[in-house]
Amino acid sequence: PHTTAARSASASAVGAASQGQSGYAGKAAMAGALGLVAMASSQRKVKSTRAARVAMNAAKVDSVCILGCSGAVGQEMLKCLEDRDFPTEKVRLFGNRSAGSTVSSKKFGDIVVEKFSLEAVQECDICLMAVSGDFSKEWAPKIAGGPKNTQVIDNSSAWRYDEDKPLVIPEINGEGRVGEPLIANPNCTTAVGAMALWPIHQKYKLKKVLMSTYQAASGAGAEGMAELENGLATWVKDGAVPKPEFFAHQLPFNVIPQIDKFQENGYTKEEMKVTWELQKIFGLDDDVKVACTAVRVPTLRAHSESITVETEEPISPDDVRELLKSAPGVKVVDEPGSLKYPMPLNATGNYDVEVGRIRQSIVFGEKGIEFFVSGDQLLRGAALNAVIIAENAVKAHA
Ligand SMILES: NC(=O)C1=CN([C@@H]2O[C@H](COP(=O)(O)OP(=O)(O)OC[C@H]3O[C@@H](n4cnc5c(N)ncnc54)[C@H](OP(=O)(O)O)[C@@H]3O)[C@@H](O)[C@H]2O)C=CC1
Ligand SMILES: N[C@@H](CC(=O)OP(=O)(O)O)C(=O)O
């Protein structure tokens, strides 16, 4: 059946593809759209090609599954597995409303989306989870282990703050924990900022971090993207934006300074996630302070952040530029004279987080800098991060 979710997600992906994104970005969005269109229209049965059983210790696994394959993150996970030539014989897809539809994958063939069941997911070596935190709370611990010793890499916030569970950005703190049965992926805003902050912390030691964010509609999932697109399309047609159903307020022509629920201290949960998760991933001392203001903006994809840091050691913009040029997962885009700086449209569909506008802070002087980052939160903050963790797990078991 062609579900509402599949329809709106495919519309979103087509929209992203036609939003002026070039190269990988446009292609990625269009491929996602085509995949969902195929998923919706085709009921073809996938021929069962009984792959030779390859154990986890042969640098290639039998099967990887994506649980939540039709969502904003799940669709990108399949693209990452394809683009990175992930060492697996087979990819299986699980969903709820999308179950029964077919996704056409260039690399893995036609894949029929299966309804979630514990037994079916536990037939896979690795489960990439892109479902809600509540779903993950209930099912991730049951999935991890089982007859295939299934490893779960979870994108939700369910396990991030659990002391026993690794919270991993592979380029930062991935070593040593790749074999754990359940690994948590960070919040997308945290992951995008962390790519630039980690090299700075290692060299100059962070003392204070102040962040303001500009977060795209897709951060709220496929339905968030659809509401932004539909709102703009209706405004063009009728001259008015419909009442919001998904976001708390109208997003077109607006910005909303609330993402997730307010906490007792006046910050939102999204803002506190940045504090909690940078502390855990970087292993920050309690006296290093991190504060964030998280804002939803009417862009489709890629989160941007304005970041000010105070450091223990003197720091200069030129040194930071040089440092970040060789940092993994980072691309320095910092030529104000030729109007080159990070922007979400340019970061969309790219693995690297763009960093620019690097300048000495007039607040913190020689021990402070300010900069701007844009990174594709569906990739760096979710799908790509999870797939790199899984790649490292396969390599480690080889
Ligand atoms: N969007 C983002 O930028 C980021 C999201 N995350 C996290 O990743 C997770 C997924 O987010 P996102 O992709 O945006 O969400 P979406 O709302 O776009 O997608 C949700 C997915 O969950 C599936 N699902 C829901 N209920 C079930 C069920 N009972 N059984 C099987 N599948 C089910 C849906 O399947 P179906 O359509 O078939 O019903 C859909 O594929 C969330 O925990 C989110 O917090 C993390 C970082 C970034
Ligand atoms: N909350 C983020 C995306 C997200 O899903 O984050 P988390 O996985 O921490 O709930 C946003 O809306 O942009």
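Fair warning: this is a prediction, and the values are worked out from it, not measured in the lab. (Residues numbered from 1 in each chain as written. Chains lettered and ligands numbered in written order. Predicted model: local features only at pLDDT ≥ 70, side-chain atom pairs only at ≥ 80, totals over all residues. Heavy atoms only, no water.)

> How do you make sense of the nonpolar core when you look at a structure like this?
The tendency in soluble globular proteins is for nonpolar side chains to be buried as a group. Counting residues in hydrophobic clusters, the biggest one holds 55 residues, and the most contacted among them are L197, F282, V355 and F371. In terms of residues, this core owes the most to one element, helix 7 (residues 188–204), which gives nine residues. Split by domain, the residues of this core number at least three in each of domain 1 (42–158) and domain 2 (190–377). Discounting chain neighbours no more than four positions away, the residues touching V355 are A196, L324, V330, K331, V332, V333, D334, P342, F371, F372 and V373. One finds V64, L78, V103 and I389 within the second-largest nonpolar core, a separate group that totals 30 residues. (Core = buried A, V, L, I, M, F, W, Y, C linked by side-chain atoms within 4.5 Å. Buried < 20%, exposed > 50% of the residue type's maximum accessible area, 1.4 Å probe, protein only. Helix = DSSP H or I, 4+ residues; strand = E, 2+ residues; numbered from the N terminus. Domains from an automatic or database assignment. Contact = heavy atoms within 4.5 Å.)

> Help me understand the packing of helix 7 against helix 9 (residues 269–282), please; the structure alone is not making it clear to me.
The description of two packed helices rests on the angle between their axes and on the distance between the axes. Put simply, helix 7 and helix 9 touch, their axes get as near as 10 Å, and they point 40° apart. In this view, helix 7 runs oblique relative to helix 9, as classed from their interaxial angle. As for the relative orientation of helix 7 and helix 9, their crossing is right-handed in sense. For the pair formed by helix 7 and helix 9, the contact residues are T189, T190, A194, L197, W198 and H201 on the first element and E270, K273, V274, E277, L278, I281 and F282 on the second. Class assignment of the residues belonging to the contact of helix 7 with helix 9 gives a composition of seven nonpolar, three polar and three charged. (Axes fitted to C-alpha atoms, helices over the stretch in contact; angles between N-to-C directions. Parallel < 35°, antiparallel > 145°, perpendicular 65-115°, else oblique. Left-handed = near helix turned anticlockwise from the far one by under 90°. Nonpolar A, V, L, I, M, F, W, Y, C, P; charged D, E, K, R; others polar.)

> What should I look at first to understand the sheet that holds strand 13 (residues 353–361) in this one?
Each strand in a sheet pairs with its neighbour through backbone hydrogen bonds, running either in the same direction (parallel) or in the opposite one (antiparallel). An order of 10-9-11-14-13-12 is seen for the six strands of this open sheet, with the pairing classed as mixed. Each edge of the open sheet is held by one strand with a lone partner, namely strand 10 (289–293) and strand 12 (330–332). Adjacent strand axes in the sheet meet at a mean angle of 25°, parallel and antiparallel pairs treated alike. Across three bridges, the pairing between strand 12 and strand 13 is parallel. Looking at the pairing, V332 lines up with V355 of strand 13. Contacting strand 12, strand 13 and strand 14 (365–375), helix 10 (residues 317–325) runs over the sheet at an angle of about 160° to strand 13. (Pairing = 2+ DSSP bridges.)

> Just to check I follow, could you spell out the pairing of strand 14 for this structure?
Regular strands place their side chains on alternate faces of the sheet. Summarising burial for strand 14: eight of the 11 residues are buried, a large majority. Alignment of strand 11 (residues 303–311) against strand 14, held across eight bridges, turns out to be antiparallel. Note on strand 14: the bridge partner recorded for V309 is I369. The pairing of strand 13 with strand 14 spans six bridges and is antiparallel. Paired with Q360 across the two strands is I369, which belongs to strand 14.

> How should I be thinking about the sheet that holds strand 1 (residues 61–67) in this particular structure?
With parallel pairing, the six strands of this open sheet are ordered in space as 5-2-1-6-7-8. Strands at the two margins of the open sheet, each flanked by one partner only, are strand 5 (114–115) and strand 8 (182–184). As paired strands, strand 1 and strand 2 (residues 88–95) are joined by six bridges and run parallel to one another. Of the residues in strand 2, the one forming a bridge with V64 is V91. Across the sheet, helix 3 (residues 72–83) touches strand 1, strand 2 and strand 6 (126–129), and the angle it forms with strand 1 is around 155°. The sheet contacts of helix 12 (residues 379–397) involve strand 1, strand 6, strand 7 (151–154) and strand 8, and relative to strand 6 the element is tilted by about 165°.

> Please clarify how the side chain of E271 should be interpreted in this entry.
Structurally, E271 is set in helix 9. One buried charged residue, E271, forms no salt bridge at all, with the nearest opposite charge on R296 at 11 Å. Within the local environment of E271, its side chain forms a polar contact with the backbone nitrogen of T268, the two atoms lying 2.8 Å apart. Excluding anything up to four places from it in sequence, E271 contacts C292, T293 and A294. (Lys, Arg positive; Asp, Glu negative; His and termini not counted. Salt bridge = Lys/Arg side-chain N within 4 Å of Asp/Glu carboxyl O. Polar contact = N/O pair within 3.5 Å; in protein donor to acceptor, adjacent residues only side chain to side chain.)

> Help me understand the site of ligand 1, please; the structure alone is not making it clear to me.
Surrounding ligand 1, one finds 28 residues, the nearest of these being S70, V73, N96, S98 and V131. Between ligand 1 and G68 there is a distance of 3.1 Å, counted from an oxygen atom to a backbone nitrogen or oxygen. Between ligand 1 and the protein, one listed contact pairs an oxygen atom with a backbone N or O atom of A72 at 2.9 Å. The protein chains hide 81% of the 900 Å² of surface that ligand 1 would expose on its own. Within the shell around ligand 1, the residues separate by chemical class into 13 nonpolar, 14 polar and one charged. Three or more residues apiece are contributed to the shell around ligand 1 by two domains, here domain 1 (42–158) and domain 2 (190–377). (Near = heavy atom within 4 Å. Areas by Shrake-Rupley, 256 points an atom, 1.4 Å probe, with all protein chains shown as cover.)

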